[in-house]
Amino acid sequence: MRRLIILLCTVLVLTGCSGMPSRNNITNLLSAPKFSQTESNIAEAIADHIGENITLRYSQSQGYSSPVQLIDIDGDENDEAIVFYYAPNKGTNIRMAVLSCSGERWNIVSDKEGLGTEVFYFDTAEFKQLENRQLLVGYLSSNIDENFFVTYFTDSEKNIPDYVERCQDIVVGDVNYDGYSDIILTNRTADGRIRLRSLAFEDSGTYKVVGTRLLRYYNIDITQLKAAQSVKGETVLYADYRDDYNQMHTEAVVFRDGGKMYDAFASTVVSKQWEYNTDLNCVDIDGDGYLETPSVIHTEHTDDPEILKTVEWTDYIPEQPQRKCIGIYDTHTDMFVAYPDSWQDNVTTSYGSDSWQIVRRQTEENLQQDSDQNPQQENVLVTVSQVDYRNDIETGAYSYIVYKSTKTWHFDFDRSVDLSEIQYILKNITDLG
C-alpha cells in the first residue's frame, strides 16, 4: 500500500505587487486543499523516489499558485511538472523536483536541494541561445540576511551548470529589447544603499552585467520592484521603498543602450509622507496598461481625519507628467475611491464608526445657497461603508453595492450628485490591500 502523503501546503505571503519577501510574514499554514488526481500522482511519485513522506510548498502570488506546476519545458507539447516540497529527512531546506510523464506514470527527471527554507520567487525564462525554458528560483532563509537567485538550465545537450548568486529581490524583463528574458537583481551595499543590476544571458553560457544603478536614499526597504512598459514601448523598472522617517519613495529607471539604466522621472524621486503599515506603491490605477505613481496631497485645511488621505496618481514618464486621477484612500480598509477632478479643493471628508463621507466644503457662495436648507444634509455628497454581503441593503437610484476582491461596499449618494459623477466614482474604485 502506498504511503500516506502529507499534503500540507505553506503559503508564502509577500509584500506589494511585485515580489518582496517579508521576514516577519513568511508562512501561513493552511488546511490541506483538494488536489487533482494528477497532482496526487506526482506527489506520490516523489515520495516513492525519496522514500519518505513529503510536504508540498507553494507561493500564493509569485508566479505560481498551485503546489504542482505543469509547464512544457522542452517544447515537445507535453508538460513537465515542477514541484517544491519539504522532506523531513533531507535537511531543513526546501527541495525542487522536475518530473516527466510516460503514459500515466510520472518519473523523476531531477531532484535538488534548494538554497533556502522558502521560495519567494519562481518563473520560467527563454534565452536567445537556448531552446528550452529555464527555471528561475529565488530562495530565502530566516537566518540569512540575503537571498539566493538560481537559474536551473534545462537543456541537457548544453549541460550548463546552475547559476547561483546572492541577491535581495528579483525581476524579469527585456532590458535590451531582443525579445528574450533578462534578469534584474538588487543587493544591499556595505554603506546601506540598494544597488540595481541588469543581467543579460551571453553565448558563453552565463550572465553579463549590462547595467547598474544605486537608489538614492540610504537604509531603505524595498516594498515593490516591478518592470512595466512605457507608452513608448520601453522597459521601465519601478522601485517603491520606505525609509526610517515615515516616508515612501518611488524611483524609476528606463533601460536603453543594451540594458543600461537611465532616470525615467524628471524629478528622479517622488516622495510622500506615509506613516501607515500598508505600502503605497505604484499601480495601474486607471487600467490603461501603464503604472501610475501616488502622491499624498496635503492642504491647508485640517478637518480631514488622519484615517483618510487624499492621494493623486500621476504618470511621470512623459516629459510632461500626466495626472490620471485623485481621490480618497481609506487607510483602514485599503480602498481608494477616485472622485471627479471638479471636486478637488471643493470637498473634505469625515469618518464615523462604521462609514466615511465625502462632504462638500462650505464656501461663502454655497453657504448662501444652503441658507434655507439643512446644510449638513446638503453637504454630504457620498457615504461609504463596508458591509457584509449578507446584509439586507436597499439599492436603487443613488444607492449601490460594490464588490472589490473579497470586500463588499455600500455607496449612498446625495441627490445633488450628477449621474456622470456617480458613474465615474463607481468605475474608479480600487482595493489596494
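Residues numbered from 1 in each chain as written. Predicted model: local features only at pLDDT ≥ 70, side-chain atom pairs only at ≥ 80, totals over all residues. Heavy atoms only, no water.

> Please clarify how the side chain of Asp 330 should be interpreted in this entry.
Within the secondary structure layout, Asp 330 lies in strand S25 (residues 322–330). Nearest to the buried, unbridged Asp 330 among oppositely charged side chains is Lys 407, at 8.7 Å. Only 3.0 Å separates the side chain of Asp 330 from the backbone nitrogen of His 332, close enough to count as a polar contact. For Asp 330, the contacting residues outside a window of four places in its chain are Ile 307, Leu 308, Met 335, Tyr 351 and Trp 356. (Helix = DSSP H or I, 4+ residues; strand = E, 2+ residues; numbered from the N terminus. Buried < 20%, exposed > 50% of the residue type's maximum accessible area, 1.4 Å probe, protein only. Lys, Arg positive; Asp, Glu negative; His and termini not counted. Salt bridge = Lys/Arg side-chain N within 4 Å of Asp/Glu carboxyl O. Polar contact = N/O pair within 3.5 Å; in protein donor to acceptor, adjacent residues only side chain to side chain. Contact = heavy atoms within 4.5 Å.)

> It is not clear to me how the pattern of salt bridges should be interpreted in this structure. Could you clarify?
Two side chains carrying opposite charge are able to pair once their charged atoms lie near each other. For the coordinates displayed, the defined rule picks out 16 salt bridges. Asp 221 is the partner of Arg 188 in a salt bridge, and the nearest nitrogen-oxygen pair spans 3.4 Å. In this pair, Arg 188 sits in strand S15 (residues 182–188) while Asp 221 sits in strand S18 (residues 221–229), placing the two residues 33 residues apart along the sequence. Here Asp 221 falls in the partly exposed class, since its relative accessible area comes to 47%. A salt bridge links Lys 324 to Asp 286, with the nearest nitrogen and oxygen atoms 3.4 Å apart. Taken together, the residues Lys 324 in strand S25 and Asp 286 in the loop between strand S22 (269–273) and strand S23 (293–296) connect sequence positions 38 residues apart. Given the relative accessible area of 22%, Lys 324 is considered partly exposed. Among the residues examined, Asp 286 registers a relative accessible area of 32% and is labelled partly exposed.

> Just checking my understanding: could you explain helix H4 (residues 419–427) for this structure?
Residues spaced three or four apart along an α-helix face the same direction, because each turn holds 3.6 residues. Within H4, the full set of buried residues consists of Glu 421, Ile 422 and Ile 425. Around the axis of H4, the buried residues are gathered within 100° of arc, so they sit on the same side. Exposed residues on H4 whose side chains face more than 90 degrees from its buried face are Leu 419 and Lys 427. Of the surrounding elements, those touching the buried residues of H4 are strand S26 (335–339), strand S30 (399–404), strand S31 (407–413) and strand S32 (429–431). (Arc of directions from axis to C-beta.)

> Just to check I follow, could you spell out a negative patch on the surface for this structure?
On the surface, Asp 74, Asp 76, Glu 77 and Asp 79 cluster together into a patch of negative charge. For Asp 74, the position within the fold is in the loop between strand S6 (68–71) and strand S7 (80–86). Overall, Asp 74 belongs to the partly exposed group, its relative accessible area being 36%. (Patch = residues over 30% accessible without salt bridge, like charges linked within 9 Å, V, L, I, M, F, W, Y side chains within 5 Å. Areas by Shrake-Rupley, 256 points an atom, 1.4 Å probe, with all protein chains shown as cover. Charge placed at Lys NZ, Arg CZ, Asp CG, Glu CD.)

> In this structure, what is going on with the confidence of the model for the protein? I would like to understand it.
Detailed reading of the predicted model is not advised wherever pLDDT is low. Of all residues in the protein, 84% have pLDDT values of 70 or greater, and the mean over the chain is 85. A low-confidence stretch, residues 1–33 stays under pLDDT 50, and its non-local contacts, those more than four residues away or across chains, total 100 contacts. (pLDDT = per-residue confidence, 0-100.)

> Whenever I open this one, the sheet that holds strand S24 (residues 308–315) confuses me. Can you help?
Strands in a sheet are paired, the pairing made by backbone hydrogen bonds, and the direction either parallel or antiparallel. Spatial strand order, S23-S24-S25-S26-S32: 5 strands in an open sheet with antiparallel pairing. In this open sheet, the two edge strands, each paired with only one partner strand, are S23 and S32. Taken over all neighbouring pairs, the strand axes of this sheet differ in orientation by 30° on average, direction set aside. Pairing analysis gives 3 bridges linking S26 to S32, with the strands arranged antiparallel. (Pairing = 2+ DSSP bridges. Axes fitted to C-alpha atoms, helices over the stretch in contact; angles between N-to-C directions.)

> Would you take a moment to explain the pairing of strand S11 (residues 134–140) for this structure?
In terms of burial, S11 is a largely internal element, 7 of the 7 residues being buried. Side-chain alternation along S11 places Gln 134, Leu 136, Gly 138 and Leu 140 on one buried face and Leu 135, Val 137 and Tyr 139 on a second face that is also buried. As paired strands, strand S10 (residues 118–125) and S11 are joined by 7 bridges and run antiparallel to one another. Within S11, the residue paired with Tyr 121 across the bridge is Gly 138. The pairing of S11 with strand S12 (residues 147–152) spans 5 bridges and is classified as antiparallel.

> Please explain the side chain of Asp 240 as it appears in this structure.
As for its position among the elements, Asp 240 is in strand S19 (residues 235–242). Buried charged residue Asp 240 carries no salt bridge. Nearest counter-charge: Lys 272, at 4.6 Å. A polar side-chain atom of Asp 240 sits 3.1 Å from the main-chain amide nitrogen of Cys 282. In this view, Asp 240 contacts Asp 221, Ile 222, Thr 223, Gln 224, His 249, Thr 250, Asn 281 and Cys 282; residues no more than four positions away in its chain are not counted.

> Teacher, can you tell me more about the packing of aromatic side chains here?
For any pair of aromatic rings, geometry is given as the distance between the ring centres together with the angle between the planes. Under the definition given, this model contains 18 aromatic pairs. Ring centres 5.8 Å apart and planes at 80° place the aromatic pair Phe 201 and Tyr 207 in the edge-to-face group. Of the residues examined, Phe 201 reaches a relative accessible area of 8% and is grouped as buried. Their ring planes at 65° and their centres at 4.8 Å tell us that Trp 274 and Tyr 276 sit as a pair that is edge-to-face. For Tyr 276, a relative accessible area of 16% gives the class buried. Taken together, the aromatic side chains of Phe 127, Phe 149, Phe 153, Tyr 163, Phe 201 and Tyr 207 make up a single cluster linked through ring pairs. One residue, Arg 193, lies across the ring of Tyr 218, its end atom 4.9 Å from the ring centre. (Phe/Tyr/Trp six-rings, centres within 6.5 Å; stacked < 30°, edge-to-face > 60°. Lys NZ or Arg CZ within 6 Å of the ring centre and 35° of its normal.)

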